Amino acid sequence: MIYDVKNETLPREDMEALQLRRLKSLCERVYANVPFYKKKFDEKGVKPQDIKTLKDVSLLPFTVKQDLRDQYPFGMFAVPKDQIVRIHSSSGTTGTATVVGYTKRDIENWGELVARCMMAAGASAADTVHNAYGYGLFTGGLGAHYGAEALGATVVPMSGGSTRRQVTLLKDFAPDVICCTPSYALFLAETGLEMGIDIRELPLRIGIFGAEPWTNEMRADIEKKLGITAIDIYGLSEIMGPGVAIECAAAQDGLHIQEDHFLAETIDPVSGEPVGPGEEGELVFTTLTKEGIPLIRYRTRDLTTLNYTPCKCGRTTVRMRRVTGRSDDMLIIRGVNVFPSQIESILIDTEGLTPHYQLIIERQGNLDTLEVQVEVNEALFSDEIKSLQRVESKVMKNIKEFLGVTAKVKLVEPKSIERSLGKAKRIIDNRHKD
Amino acid sequence: MKVDQLSIFLENRAGRLAEVTRILSEAGVNIRALSLADTSDFGILRLIVSDFEKAKAKLKEAGFTVGRTSVVAVEVNDQPGGLNSILTMLQDAGINVEYMYAFVQQSGDSAVLIFRFDRTDQGIELLRKNDINIIPGDKLYAM
């Protein structure tokens with residue numbers, strides 16, 4: 001079943017014509033209404049009227065998360081404040097929060113898009129949706145809620161937490177669909193077993209899971225332990241929230257991007273140049289219809305490939321491969337964002353050389369530990385223990401000072417850090433292994 | 001008057017030291033003197049060998065990080081006080097010993113001390129002024 005047959009099955013030429021029309025109008029709007037974008041366009045020497053074909057999107061400037069932070073709170077808004085009917089925001093635990101605003105029309109569109117997703121996942125107006133995404137500033141809860149209502153389904157606005165109560169309501173209300181994070185789904189199944197309730201025996205048949213990266217192995221595990229079809233939904237608050245893309249139940253092979261609302265590109269994360277379909281790149285979105293906070297070429301940092309081949313579900317929209325990596329290699333260690341490039345800069349600043357290094361993250365109890373292994377080379381080497389130990393403690397001190405993370409620094413022999421395909425593997429994260 | 005010492009970085013892993021000695025053995029290089037300093041994570045192996053250049057080339061080829069350090073070899077009588085008199089002399093002159101190691105020669109009547117000074121040239125000058133027997137590199141390598 002397809003919720004919006006007209007827009008979800010547009011022939012490619014028609015979709016591109018629609019996208020181009022919306023892109024042109026978007027450029028005019030942001031150029032006229034968002035000083036940030038006027039400046040960015042002017043710096044690149046591009047005018048809204050320079051957009052003549054869809055490919056011309058590559059003339060436009062990128063937008064990054066830091067831009068949203070710099071414009072905190074309302075600097076990216078493209079409409080007067082009185083037209084904004086809702087605000088969502090990231091938690092801001094790792095810096096200034098990013099704020100997004102929605103007009104009435106944005107909220108309606110969002111609901112429609114999530115309704116499309118739910119139907120693609122196999123849900124219908126006759127179903128009951130148990131929504132265990134958190135309600136509040138986080139986009140997950142309200143996004144799924146409005147989508148389920150737009151679909152015409154019955155919503156149980158459960159929000160997160162109270163796990164035993166959730167299990168009880170899954171049994172008593174007998175919902176058909178559940179929305180939550182994939183890891184929470186597994187936790188619900190375990191809690192159910194502790195309570196003597198086997199979720200596999202309930203009528204629940206579909207899970208719509210997002211907000212964290214997960215693997216196909218985890219999908220198989222969830223499907224087995226809950227006796228449901230597990231569907232991957234993708235979104236990010238900067239672009240809209242959940243509902244930017246969804247896997248269809250018919251194929252479960254890539255996520256259909258809602259292309260009439262979001263223009264997707266994949267780029268080389270280093271050069272910024274577009275990469276072809278089927279080639280891995282960083283996913284970049286331009287919001288084609290958003291009024292409150294339209295974004296031009298927003299760099300998601302998520303790595304994926306785009307697949308334009310027809311899907312057996314009948315939708316013609318482009319599909320993105322499940323996201324499993326990020327272009328910025330960002331690590332979160334004890335709540336602190338750490339980029340390998342920052343460690344590299346510290347190593348270079350400390351001894352004036354570009355060493356091979358590797359980050360090893362472990363979890364001991366509930367605490368993350370970071371070990372930085374640095375390969376010794378002839379420039380760094382000394383015949384005296386104390387000068388090598390001085391290097392270790394200097395690097396440790398600088399990491400603590402600049403990143404706020406305590407790391408153990410360990411010197412290792414050259415070539416002892418594995419090179420995969422000529423490229424050093426910088427991160428070994430052992431936290432998520434069972 | 002200086003002696004070339006080979007320094008090798010070793011991770012504290014089983015078999016690393018044996019790997020070094022295997023390479024030297026296969027290259028036909030003889031070890032004259034050896035010292036190993038270590039921490040919980042790594043060690044530094046210091047060697048005086050019969051053929052410095054060959055040993056260095058072979059070890060580098062095998063991926064080891066190696067360094068060259070100038071040390072001073074001193075011959076003293078193998079009897080109580082032999083080392084003490086030299087250390088006292090150095091202390092009075094304000095020359096710091098970064099590290100040292102020693103071995104006794106086969107003939108049995110003298111010991112060889114290998115010194116790494118903070119100021120190598122001043123150290124040599126001091127020892128010479130006091131008529132201490134410094135063993136030149138080429139002699140030591142061929143011992």
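Residues numbered from 1 in each chain as written. Chains lettered and ligands numbered in written order. Predicted model: local features only at pLDDT ≥ 70, side-chain atom pairs only at ≥ 80, totals over all residues. Heavy atoms only, no water.

As annotated in an unreviewed UniProt entry, chain B carries the name Acetolactate synthase 3 regulatory subunit and is attributed to Pseudodesulfovibrio hydrargyri.

Definition in use: UniProt positions are given in the numbering used here, feature names are shortened, and annotations may be inferred rather than shown by experiment.
You'll find chain A entered in an unreviewed UniProt entry as Phenylacetate-coenzyme A ligase, with Pseudodesulfovibrio hydrargyri given as the organism. The UniProt entry for chain A carries the following comment under Sequence similarities (unreviewed entry): "Belongs to the phenylacetyl-CoA ligase family."

**Concerning the packing of helix H5 (residues 104-120) of chain A against helix H6 (residues 139-151) of chain A**
When two helices pack together, their arrangement is given by the angle between the helix axes and by the axis-to-axis distance. Residue and element names in this part refer to chain A. Where we set the bar: Simply put, an axis is a line fit to the C-alpha atoms, just over the touching stretch for a helix, and the angle between two N-to-C directions goes from 0 to 180 degrees. Runs of E in the DSSP output that reach at least two residues are strands. Runs of H or I that reach at least four are helices, and both are numbered from the N terminus. Note on terminology: angles under 35 degrees are roughly parallel, angles over 145 are roughly antiparallel, angles of 65 to 115 are roughly perpendicular, and the others are oblique. Residue contacts are defined here by distance: any two heavy atoms, one from each residue, within 4.5 Å place the two residues in contact. Amino acids outside the nonpolar list (Ala, Val, Leu, Ile, Met, Phe, Trp, Tyr, Cys, Pro) and the charged list (Asp, Glu, Lys, Arg) are all regarded as polar, and Gly is one of them.
Put simply, H5 and H6 touch, their axes get as near as 7 Å, and they point 75° apart. In terms of axis orientation, H5 runs roughly perpendicular to H6. Of the residues in H6, those in contact with Ile 107, Trp 110, Gly 111, Glu 112, Val 114, Ala 115, Met 118 and Met 119 of H5 are Thr 139, Gly 143, Ala 144, Tyr 146, Gly 147, Ala 148, Ala 150 and Leu 151. Among the residues making up the contact of H5 with H6, the classes are represented as 11 nonpolar, four polar and one charged.

**Let's talk about unusual backbone geometry**
A negative phi holds for most residues other than glycine; trans holds for most peptide bonds. All names here are of chain A. Here the bond from Tyr 72 into Pro 73 is cis, since omega is -5°, no more than 30 degrees from zero. Positionally, Pro 73 belongs in the loop between helix H4 (65-70) and strand E1 (84-89). For Arg 297, which is not glycine, the phi dihedral falls at a positive 45°. By the element assignment, Arg 297 lies in the loop between strand E11 (281-287) and strand E12 (298-304). Located in the positive-phi region is Arg 301, a residue other than glycine, with phi close to 70°. For Arg 301, the position within the fold is in strand E12.

**Comments concerning the packing of aromatic side chains**
All names here are of chain A. Applicable threshold: Only the six-membered ring of Trp is used, alongside the rings of Phe and Tyr, when aromatic pairs are assigned; centres must lie within 6.5 Å, and planes under 30 degrees apart are stacked while those over 60 apart are edge-to-face, with the rest tilted. When a residue's accessible area, from a 1.4 Å probe over protein chains only, is under 20% of the maximum for its type it is buried; when over 50% it is exposed; and in between it is partly exposed.
For the structure on display, the rule yields 12 aromatic pairs over all chains. With 6.1 Å between their ring centres and 50° between their planes, Tyr 184 and Phe 187 make a pair best called tilted. With Tyr 184 and Phe 187 both in helix H8 (residues 182-194), this residue pair falls three residues apart, about one helical turn. With relative accessibility at 15%, the residue Tyr 184 sits in the buried group. Overall, the relative accessible area of 41% leaves Phe 187 in the partly exposed class. Between the aromatic rings of Phe 262 and Phe 285, the centroid separation amounts to 6.3 Å while the plane-to-plane angle is 70°, which identifies the pairing as edge-to-face. Taken together, the positions of Phe 262 in strand E10 (residues 262-267) and Phe 285 in strand E11 put the pair 23 residues apart, joining distant regions of the chain.

**Some details on a nonpolar patch on the surface**
In plain terms, the rule: Patches in this entry comprise residues that are over 30% relatively accessible and not in a salt bridge; like charges within 9 Å are linked, as are nonpolar side chains (Val, Leu, Ile, Met, Phe, Trp, Tyr) within 5 Å. All accessible-area figures derive from a Shrake-Rupley calculation using a 1.4 Å probe, and residue coverage is judged against the displayed protein chains alone. Criterion for a salt bridge: a side-chain nitrogen of Lys or Arg within 4 Å of a carboxyl oxygen of Asp or Glu.
A cluster of nonpolar side chains, A:Phe74, A:Ile87 and A:Leu137, forms an exposed patch at the surface whose accessible area comes to about 250 Å². Assignment of secondary structure puts A:Leu137 in the loop between strand E3 (128-131) and H6.

**Side note on helix H2 (residues 12-33) of chain A**
For an α-helix, the turn length of 3.6 residues means that residues three or four places apart are oriented alike. All names here are of chain A. Filter applied, for reference: What a helix should span is 1.5 Å times the count of its residues minus one.
Between its first and last C-alpha, H2 extends 31 Å over 22 residues, near the 32 Å set by a 1.5 Å rise per residue. Buried residues of H2: Met 15, Leu 18, Gln 19, Leu 20, Leu 23, Leu 26, Cys 27, Val 30 and Tyr 31, and no others. Those residues of H2 hidden inside the fold are in contact with helix H1 (5-8), helix H3 (35-44), E10 and E11.

**Comments concerning the side chain of A:Ser382**
Definition in use: The term polar contact refers here to a pair of N or O atoms within 3.5 Å; inside protein, the definition further demands a hydrogen-donor-capable atom paired with an acceptor-capable atom, and it admits residues adjacent in sequence only when both atoms are side-chain atoms.
Tracing the sequence through the fold places A:Ser382 in the loop between strand E19 (367-375) and helix H11 (385-403). Of note is the side chain of A:Ser382, whose polar atom sits 2.9 Å from the backbone nitrogen of A:Glu384. A distance of 2.7 Å separates polar atoms of two side chains, one belonging to A:Ser382 and the other to A:Ser387. Once residues lying within four places of it in the same chain are set aside, the contact partners of A:Ser382 are A:Ser387, A:Leu388 and B:Ile44.

**Points about the sheet that holds strand E13 (residues 306-307) of chain A**
All names here are of chain A. The test is simple: Two strands qualify as a pair provided DSSP detects at least 2 bridges between them.
Pairing is mixed in the open sheet, where nine strands are placed in the order E4-E3-E5-E6-E7-E8-E9-E14-E13. Since the sheet does not close on itself, it has two edges, and those belong to strand E4 (154-156) and E13, each with one partner. Pairing geometry for strand E7 (residues 229-236) and strand E8 (residues 241-247), over four bridges, is antiparallel. Within the sheet, the bridge partner assigned to Leu 236 lies in E8 and is Gly 241.

**A closer look at the interface of chain A and chain B**
Let me state the cut-off plainly: Simply put, the buried area is the total loss of 1.4 Å probe accessible area from both parts when two parts are fitted together.
Opposite the 20 residues of chain A that make contact, chain B presents 25 residues. Summed over both sides, the interface of chain A with chain B buries roughly 1,700 Å², with 54% coming from carbon and sulfur. Interface area lost by chain A to chain B is led by A:Phe381, A:Asp383 and A:Glu413, which between them contribute 39%. One can count seven salt bridges joining chain A with chain B. A salt bridge links A:Glu384 to B:Arg116; the shortest N-O distance between them is 3.1 Å. Viewed at the interface, chain B and chain A are joined by 11 residue pairs in polar contact (both at pLDDT 80 or more).

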